[in-house]
Amino acid sequence: MSDVRSSVLGGSYARPADTSARIQFRRALTLTFMTLLMPGSAQLVMGNRQVGRIAIRVWLGFLAVAGLLLFLMLTSRQGMLSLVLDTRLLTIGRWVLIAGAVAWVALLIDAWRLGRPLELDRRHRLWMTGLNAGLCFVTAGTLFFAAHLVAVQTSFIDSVFVADTVSKPQEGRYNVLLLGGDSGPDRSGLRPDSLTVASIDRDTGRTVLVGLPRNLQDIPFPSGSVMDKQFPNGFNCEGCELNGVNTWANDHADLFSEKSPGIKATMGAVKEITGLKLNYYAMVNMHGFSKLVDAVGGVRMDVKERTAIGGIGSPIRGWIEAGEQDLTGDQTLWYSRSRVQNDDFSRMGRQKCVMNAMLQQLSPQKVLLNVEKIASSSKALLTTDIPKQDLDVFVELALKAKTQKVSTVSLVPPVIYTGNPDFAKVRRLVDGAIAKAEGHSTAKIGLTRAKLKMPASGDEASDPRKANQSSDLGASC
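Residue numbers run consecutively from 1 along every chain, following the written order of its sequence. In keeping with the predicted nature of the model, local features appear solely for residues at pLDDT of at least 70, side-chain atom pairs appear and are counted solely at 80 or more, and the whole-chain, interface and lining totals rest on all residues. Here the side-chain values reflect all heavy atoms present in the structure, with hydrogen atoms and water set aside.

1. Describing the overall build of the protein
Here's step 1: Numbering of helices and strands runs from the N terminus; a helix is a DSSP stretch of H or I covering at least four residues, while a strand is a stretch of E covering at least two. Assigned secondary structure in the protein consists of 18 helices and eleven strands.
Here's step 2: Out of the 477 residues belonging to the protein, those deemed buried represent 47%.
Here's step 3: A separation threshold of at least 6 residues defines the contact pool for the protein, and within that pool the share at least 24 residues apart is 68%.
Here's step 4: Surface accessibility in these figures is a Shrake-Rupley result with a 1.4 Å probe; residues are shielded only by whichever protein chains are displayed. Total accessible area computed for the protein in this model is approximately 24,000 Å², and 58% of it derives from carbon and sulfur atoms. For every residue, the accessible area obtained with a 1.4 Å probe (protein chains only) is divided by the maximum for its type, and the residue is called buried under 20%, exposed over 50%, and partly exposed between those limits. We call two residues contacting when some pair of their heavy atoms lies within 4.5 Å.

Structure follows, in structure tokens:
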């Protein structure tokens, strides 16, 4: 009879010890997974109920915060960005994550204890010990890594966005001067050889890039400024060009009351040239830019012309061939700065194409996976007067800009002759590009391609200079 009961019931009555062992093992597993899914629930059922209630309340608080962030992401992305980019909240969040990691591990260890591991048979005890150890490692590791990312982000924001003056948009647009600085042993100071104004619509993110040649001459300055008093007829000294304004002002810092006279003088000059009131500037060290590109795994470019690596005060050490190419940081740097076998105006077009490619290819996933490398390279890369209070605004604008066409206008021959520029015409060009980007008829301000002698479209598809005058920079690049 016992044999029949054993065969029908699977030994549950014949070997009660096996049944008891399985029940204990299931109970231990259940307590562990209860703690994983809702920390504190195991303690509420079998352990210290007060600890369990506290842990569950904290867990529900975590879920409420996550729900709030999700709600803000769906209804007010800028509101969510304001929270996650606030360094005070980030610091609090970091310590909360660290405390949460320690507490969760403690609850998992306690759940293992409540499962009475010493009463389990040897095989089940080894399983439970390994499982709990693995879960402790995964949960703590995830939260500690998240805390580390928060610390990196906080350090980056605090070290780069140190300004505290907020500037309001001008006529619905933010105008930011982007400077590419190139320093070296053969150079006097950090000269901004790349100067571009990014005019960004505050509502749509629609962007117009205004490129200024580094060798623009007879630069005007704002009336009454230090530079205007020194150069009332424009920046007309021997060898004085737009990229030299920064160096001249820094070399004569005693004339200024500004903390960064070179940058401020350059911003004043650009304001007079374009007619745009600038909100902020961002100075990019070109060698730091190379590190940034490597940090995000390179950039894919449609290279329009064979471009030299080296050759500016150094031997040519290679070439970037024409066609679709995955460029490293060093290659991207030279594609942006080389003018061997071409000119400054070709280089300006290539620089805009690189900006557009970075904007389109820098996805949130890449940023998340490479956040530490990006932050590290960006500290050496970027100097700006954008305050942390406006950081959420510009992150939101960058996300909007990814979905919009980028227009561009450059002050290059035959439209503008850098040795004798027509600044009234420059301002008409800028106004026309912005009007077109905003959907207004350029006829209202008398702008036509023929009248302004802008290059015709169609035959220059392989010419990088085409990017200097394009209503769709992505198509031109």
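2. Focus on a nonpolar patch on the surface
Here's step 1: Note on patches: the residues involved have over 30% relative accessible area and no salt bridge, like charges join within 9 Å, and the nonpolar side chains Val, Leu, Ile, Met, Phe, Trp and Tyr join within 5 Å. Just to be clear on terms, a salt bridge is a Lys or Arg side-chain nitrogen sitting within 4 Å of an Asp or Glu carboxyl oxygen. On the surface, a cluster of nonpolar side chains totalling about 820 Å² of accessible area is made up of Ile-54, Val-58, Phe-62, Leu-68, Phe-71, Leu-83, Val-84, Leu-89, Ile-92 and Val-96.
Here's step 2: Ranked by the residues each element gives to the nonpolar patch, the list is headed by helix H4 (residues 49-75), at five residues.
Here's step 3: Along the chain, Val-96 falls in helix H6 (residues 87-114).

3. Details of helix H10 (residues 261-274)
Here's step 1: How far a helix is expected to stretch is found by multiplying one less than its residue total by 1.5 Å. Relative to the 20 Å expected for 14 residues at 1.5 Å per residue, H10 spans 20 Å between its end C-alpha atoms, a close match to the ideal helical length.
Here's step 2: Among the 14 residues in H10, twelve count as buried, and that is most of the element.

4. Here we look at the nonpolar core
Here's step 1: Met-227, Phe-235 and Ile-273 are the most contacted members of the largest nonpolar core, which has 40 residues in total.
Here's step 2: Mapped by element, the contributors of at least two residues to this core are strand S1 (173-182), strand S2 (191-201), strand S3 (207-212), helix H9 (245-251), H10, strand S4 (280-285) and helix H17 (423-437).
Here's step 3: In terms of residue count, the dominant contributor to this core is H17 (seven residues).
Here's step 4: If sequence neighbours within four positions are ignored, Phe-235 has contacts with Asp-218, Ile-219, Phe-221, Met-227, Cys-240, Glu-241, Gly-244, Val-245 and Trp-248.
Here's step 5: Core analysis: the next-biggest nonpolar cluster, separate from the first, contains 35 residues, Met-80, Val-150, Leu-391 and Val-393 among them. Definition of nonpolar core: a set of buried residues of the types Ala, Val, Leu, Ile, Met, Phe, Trp, Tyr and Cys, connected through side-chain atoms within 4.5 Å.

5. A few points about the environment of Lys-264
Here's step 1: Mapping Lys-264 onto the fold places it in helix H10.
Here's step 2: Accessibility expressed as a relative area gives 36% for Lys-264, which makes it partly exposed.

6. Some details on the state of the cysteines
Here's step 1: Counting rule for disulfides: a pair of cysteine sulfur atoms within 2.5 Å. As enumerated under the stated definition, the model contains one disulfide in all.
Here's step 2: Paired by a disulfide, Cys-237 and Cys-240 hold their sulfur atoms 1.4 Å apart. Here Cys-237 and Cys-240 share a disulfide; its torsion about the S-S bond, -70°, makes the bridge left-handed.
Here's step 3: Look at Cys-240 and you get buried, because its relative accessible area is 10%.

7. Quick notes on the packing of helix H12 (residues 329-337) against helix H13 (residues 344-361)
Here's step 1: Their axes nearest at 7 Å, the elements H12 and H13 cross at an angle of 140°. Here H13 runs oblique to H12, going by the angle between their axes. For the pair H12 and H13, contact is made by Thr-332, Trp-334, Tyr-335, Ser-336 and Arg-337 and by Arg-347, Arg-350, Gln-351 and Val-354, respectively.
Here's step 2: Lys, Arg, Asp and Glu make up the charged group, whereas Ala, Val, Leu, Ile, Met, Phe, Trp, Tyr, Cys and Pro make up the nonpolar group; the residues left over, Gly among them, are polar. Split into classes, the residues belonging to the contact of H12 with H13 amount to three nonpolar, three polar and three charged. A fitted line through C-alpha atoms represents every axis, and for helices the fit uses only the stretch in contact; the resulting angles, taken between N-to-C directions, go from 0 to 180 degrees. By the definition adopted for this analysis, an angle is roughly parallel if under 35 degrees, roughly antiparallel if over 145, roughly perpendicular if from 65 to 115, and oblique otherwise.

8. Observations concerning the packing of aromatic side chains
The description of an aromatic ring pair rests on the distance of the ring centres and on the angle between the ring planes.
Here's step 1: A pair of aromatic rings is counted whenever rings of Phe, Tyr or Trp (Trp by its six-membered ring) have centres within 6.5 Å, and the orientation is called stacked for planes under 30 degrees apart, edge-to-face for over 60 and tilted otherwise. Using the criterion set out here, one finds eight aromatic pairs in the structure.
Here's step 2: Each ring, one from Phe-231 and one from Phe-235, has its centre 4.9 Å from the other, and the planes form 85°; the classification is edge-to-face.
Here's step 3: Given the relative accessible area of 10%, Phe-231 is considered buried.
Here's step 4: Taken together, Phe-221, Phe-231, Phe-235 and Trp-248 form an aromatic cluster joined through their ring pairs.
Here's step 5: Any Lys NZ or Arg CZ that is within 6 Å of a ring centre and within 35 degrees of that ring's normal is treated as a charge sitting over the ring. One cation-aromatic arrangement involves Arg-337 over Trp-334; the distance from NZ or CZ to the ring centre is 4.4 Å.
Here's step 6: Of note, Arg-350 hangs over the ring of Tyr-335, and the distance from its end group to the ring centre comes to 5.7 Å.

9. Notes on the side chain of Ser-167
Here's step 1: Position of Ser-167 relative to the elements: it lies in the loop between helix H7 (122-160) and S1.
Here's step 2: Polar contact criterion, stated in full: a pair of N or O atoms within 3.5 Å, where within protein one must be able to donate a hydrogen and the other to accept it, and residues adjacent in sequence count only if both atoms are side-chain atoms. At 2.8 Å, the side chain of Ser-167 and the side chain of Asn-279 are in polar contact.
Here's step 3: The contacts of Ser-167, once residues within four sequence positions are left out, are Tyr-174, Asn-279, Tyr-280 and Asp-390.

10. A word on empty space enclosed by the protein
Here's step 1: Here a cavity is any set of points on a 1 Å grid over the protein atoms alone where a 1.4 Å probe fits but cannot get out, and a pocket is any open set with protein on both sides within 12 Å along at least 5 of 7 lines; a residue lines the site when it has an atom within 4 Å of a point. Grid points are joined across faces, edges and corners, and a volume is the space filled by probe spheres set on the points. Inspection of every chain in the model, using the stated rule, returns two cavities of 30 Å³ or more.
Here's step 2: Its volume calculated, the largest cavity comes out at about 90 Å³.
Here's step 3: What lines the largest cavity is a set of 14 residues, and nearest its centre among them are Asp-193, Ser-194, Leu-212, Met-348 and Gln-351.
Here's step 4: Breaking the lining of the largest cavity down by element, the ones donating at least two residues are S2, S3 and H13.
Here's step 5: Among the elements that take part in the lining of the largest cavity, H13 stands out by supplying six residues, more than any other.
Here's step 6: Within the lining of the largest cavity, the residues separate by chemical class into five nonpolar, four polar and five charged.

11. A few points about the confidence of the model for the protein
Here's step 1: Each residue gets a pLDDT score, which is the predictor's confidence in that residue and runs from 0 to 100. Residue-level pLDDT values for the protein average 83, and 82% of them are 70 or greater.
Here's step 2: Summarising per-element confidence for the protein, the mean pLDDT is lowest in helix H1 (residues 2-9) (39) and highest in H6 (95).
Here's step 3: Note that pLDDT drops below 50 for residues 1-14; the model gives that stretch six contacts with residues more than four away or on any other chain.
Here's step 4: Low pLDDT, under 50, characterises residues 442-461; the stretch is placed with 30 contacts to residues that sit more than four places away or in other chains.

12. What to know about the pattern of salt bridges
Here's step 1: One pass over the full model with this rule turns up 15 salt bridges.
Here's step 2: Where Lys-271 meets Glu-272, a salt bridge forms, and the shortest distance between an N and an O atom there is 3.7 Å.
Here's step 3: Taken together, the shared-partner salt bridges in this structure form one network comprising Arg-173, Asp-201 and Glu-438.

13. Details of the pairing of S3
Here's step 1: In terms of burial, S3 is a largely internal element, six of the six residues being buried.
Here's step 2: Residues Thr-207, Leu-209 and Gly-211 of S3 are buried on one face, and the alternating residues Val-208, Val-210 and Leu-212, pointing to the opposite face, are buried as well.
Here's step 3: What makes two strands pair is DSSP finding at least two bridges between them. One ladder, built from five bridges, connects S3 with strand S10 (residues 406-410); its direction is parallel. Across the sheet, residue Leu-209 finds its bridge partner in S10, namely Thr-408.

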